[in-house]
Amino acid sequence: MPKSGKSSASSATRKKHAKRAAAKGQDDDEPVEQLPPEPRGKKGKRADKKAPRPKVYIPPVKPVAPRRDPLDFRGLASQLPADLVVVLRLLGKKDAVTKGKALDELQAGWIEKAKLETSAEDEETENLLAALETMLPVW
């Protein structure tokens, strides 16, 4: 009993079998009409593809120059007291907690001290005020 439904043969196989059946049915005197071969699917698709792009040299991205520390390139690190240089370097960090601590230390250790000692006219007060004036471009 034949199976009902579509056969598992491909369309090309069915065409081939149809040609053979037609050839058997005809007389041997008549030549068999041959159909031109159809182009295969993959070759036809490759012809439709675009040509590949030519390779072009793409230069690498130049690295960004690192940001210079204003204390170093202005020469202020040698002019300011070491404690103040440490506080100013902490202000240059990214972390918010570190910046907050550095601001507290700057205010408590340097600015408040300068406010209290402005009434006194001694050499230490003048050095403190001079250091604070020198560090202003950095801050």
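**Thoughts on the nonpolar core**
Next, step 1: The biggest cluster of nonpolar side chains holds 16 residues, and the ones touching the most others in it are Leu 71, Leu 80, Leu 84, Leu 88, Leu 106, Trp 110 and Met 135.
Next, step 2: Sorting the residues of this core by element identifies helix H4 (82–91), helix H5 (96–117) and helix H6 (123–135) as the ones contributing at least two each.
Next, step 3: Sorting elements by how many residues they give to this core places H4 first, with five residues.
Next, step 4: Beyond its immediate chain neighbours, meaning those up to four positions away, Trp 110 contacts Pro 81, Asp 83, Leu 84, Val 87, Glu 105, Leu 128 and Leu 132.

**Description of the environment of Lys 113**
Next, step 1: With respect to the helices and strands, the residue Lys 113 is situated in helix H5.
Next, step 2: Residue classification places Lys 113 among the partly exposed positions, given a relative accessible area of 39%.
Next, step 3: Sequence separation between Lys 113 and Thr 125 is 12 residues; the distance between their C-alpha atoms is 8.9 Å.

**Points about a negative patch on the surface**
Next, step 1: Together, Glu 121, Asp 122, Glu 123, Glu 124 and Glu 126 make up a region of like negative charge exposed at the surface.
Next, step 2: Position of Asp 122 among the secondary structure elements: in the loop between H5 and H6.
Next, step 3: On the basis of relative accessibility, which here comes to 35%, the residue Asp 122 falls in the partly exposed class.

**Considerations on the confidence of the model for the protein chain**
Next, step 1: When pLDDT is averaged across the protein chain, the result is 77; 75% of the residues are at 70 or more.
Next, step 2: Summarising per-element confidence for the protein chain, the mean pLDDT is lowest in helix H2 (residues 41–48) (55) and highest in helix H1 (residues 11–25) (85).

Criteria and cut-off values
Residues numbered from 1 in each chain as written. Predicted model: local features only at pLDDT ≥ 70, side-chain atom pairs only at ≥ 80, totals over all residues. Heavy atoms only, no water. Core = buried A, V, L, I, M, F, W, Y, C linked by side-chain atoms within 4.5 Å. Buried < 20%, exposed > 50% of the residue type's maximum accessible area, 1.4 Å probe, protein only. Helix = DSSP H or I, 4+ residues; strand = E, 2+ residues; numbered from the N terminus. Contact = heavy atoms within 4.5 Å. Patch = residues over 30% accessible without salt bridge, like charges linked within 9 Å, V, L, I, M, F, W, Y side chains within 5 Å. Areas by Shrake-Rupley, 256 points an atom, 1.4 Å probe, with all protein chains shown as cover. Salt bridge = Lys/Arg side-chain N within 4 Å of Asp/Glu carboxyl O. Lys, Arg positive; Asp, Glu negative; His and termini not counted. Charge placed at Lys NZ, Arg CZ, Asp CG, Glu CD. pLDDT = per-residue confidence, 0-100.

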